[in-house]
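# Notes for the structure review
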Amino acid sequence: MKILNYGSMNIDRVYSVAHTVMPGETILAEGMTVYCGGKGLNQSIAIAKAGGDIYHAGVLGEDGDLLLEALTRHRVDTRYVRRVAGASSHTVIQVDGQGQNCIIVCPGENVRVTDGDIDAVLDGFAAGDMLVLQNELDNTARIMREAAKRGLVPVFNPSPVNQLLAAYPLECVRWFIMNEIEGAAITGETEPAKILSVMAQRYPDASVVLTLGAQGAHCVHGGRAYFQPAFPVKAVDTTAAGDTFTGYLVTGLSQREALPVILERAARASSITVGRKGAADSIPTREELDR
Ligand code: RIB
């Protein structure tokens, strides 16, 4: 089964700091490194590393050569990546001494996806193919709607949370992969059990994976509940941990593996990502996991 990821691509500027900056405070960074990132790019690379048949669609600015090169190097099919004038999106990421991060995404020209782009990309896919979406592009609602009309299987990671979420046709989504913050934004609930229960009532045709970091992940699929504990790990940098989980989960689904096996592998892969610096580069391959 083919997997299309219509996703963001960002240049991550990652600052190592003793603690994340407080309101009104000025601090010195201990260092800065530029990484390839963006939830879309990270998830495509995670899918490729997990062994999925992945096509990445999106837009890149003039400064995006390193992002395109990273996708290509990891054997992501980039025939649906279009280049535009202007800058790509970039981020300012602070990573503190405990490996926790804070991310500011500064959208560039490459968040603009046209209706024509969407139709041309979706023409390359068929009913039953999977579509992965996050919330860093500006025409996500249309992609979701058009893909569902054509029988693709939309998988939505509602990250980052913003006011656009409320207007999305979420009834088109077949898999939600979200954390507590995203779950709270969609349901208005903060307790994991309540988030899952509201999701089941509102979107009875969808399966839901709720990731809780060190507290593991819950999944409701086909009326059955699953729980996957997290693997204990010393956090170095949590950036892209969620993207790793999403990539491994989607790949397992596309290969029709059993859900407990998929969840266990996704949790193991994201625990490895947490133990390494960076975004896409920190995601382990399937061979590493099997070793
Ligand atoms: O999920 C991590 C990603 O979020 C980073 O790579 C950054 O670009 C933001 O999109």
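You'll find the structure just up there.
The paragraphs below set out a description of the structure included in this document. (Residues numbered from 1 in each chain as written. Predicted model: local features only at pLDDT ≥ 70, side-chain atom pairs only at ≥ 80, totals over all residues. Heavy atoms only, no water.)

## Some details on the sheet that holds strand β6 (residues 89-95)
Rules: Pairing between two strands is assigned when DSSP locates at least 2 bridges connecting them. We count a stretch as a helix when DSSP gives it H or I for four or more residues in a row; a strand needs E for two or more, and each element gets its number in order from the N terminus. Between the N-to-C directions of two axes lies an angle of 0 to 180 degrees, each axis being a line fitted to C-alpha atoms and, for a helix, fitted only over the stretch in contact. Between two residues, a contact is recorded if the distance between any of their heavy atoms is within 4.5 Å.
One open sheet holds the four strands; their spatial order is β3-β2-β6-β7, and the pairing between them is mixed. The sheet is open, and its two edges are formed by β3 (31-37) and β7 (101-106), each paired on a single side. In this sheet, neighbouring strand axes are inclined to one another by 20 degrees on average, regardless of whether the strands run parallel or antiparallel. When strand β2 (residues 10-16) meets β6, the two strands line up parallel, connected through seven bridges. Across the sheet, residue D12 finds its bridge partner in β6, namely T91. Strands in contact with helix α2 (residues 65-73) are β2 and β3; relative to β3, the strand with the most contacts, it is inclined by about 60 degrees.

## Regarding the site of the ligand
Quick note on the threshold: Distances are taken per atom, and a residue is near a molecule or strand as soon as one of its heavy atoms is within 4 Å of it. Whenever a nitrogen or oxygen atom comes within 3.5 Å of another N or O atom, the pair is scored as a polar contact, on the condition that within protein one atom can donate a hydrogen and the other can accept it, and that pairs from neighbouring residues in sequence are kept only if both atoms are in side chains. In these tables, accessible area is a Shrake-Rupley quantity obtained with a 1.4 Å probe, and a residue counts as shielded only by the protein chains included in the view. Classification convention: Asp, Glu, Lys, Arg as charged; Ala, Val, Leu, Ile, Met, Phe, Trp, Tyr, Cys, Pro as nonpolar; all other residues, Gly among them, as polar.
Around the ligand there are 13 residues in total, and D12, G38, K39, E136 and D243 lie nearest to it. Between the ligand and the protein, one listed contact pairs an oxygen atom with a side-chain N or O atom of N10 at 3.0 Å. N42 is positioned with one of its side-chain polar atoms (N or O) 3.0 Å from an oxygen atom of the ligand. Within the complex, 96% of the 280 Å² of free accessible area of the ligand lies under protein. Among the secondary structure elements, those contributing two or more residues to the shell around the ligand are β2 and α1 (39-50). Class assignment of the residues belonging to the shell around the ligand gives a composition of three nonpolar, six polar and four charged.

## Some words on unusual backbone geometry
Of note, the amide linkage connecting S159 to P160 takes the cis form, showing an omega dihedral of 0 degrees. You can see P160 is positioned in the loop between β9 (153-156) and β10 (175-179). For R256, which is not a glycine, the phi torsion comes out positive at approximately 55 degrees. Within the fold, R256 resides in the loop between α7 (241-254) and α8 (259-274).

## Some words on the sheet that holds β10
Taken in spatial order, the nine strands of this open sheet run β5-β4-β1-β8-β9-β10-β11-β12-β13, and their pairing is mixed. Each edge of the open sheet carries a strand with a single partner, namely β5 (77-83) and β13 (224-228). Geometrically, the sheet is characterised by an average inter-axis angle of 15 degrees between neighbouring strands, direction not taken into account. Two elements, β10 and strand β11 (residues 207-211), share five bridges in a ladder whose sense is parallel. Bridge assignment links M178 to a residue of β11, and that residue is L210.

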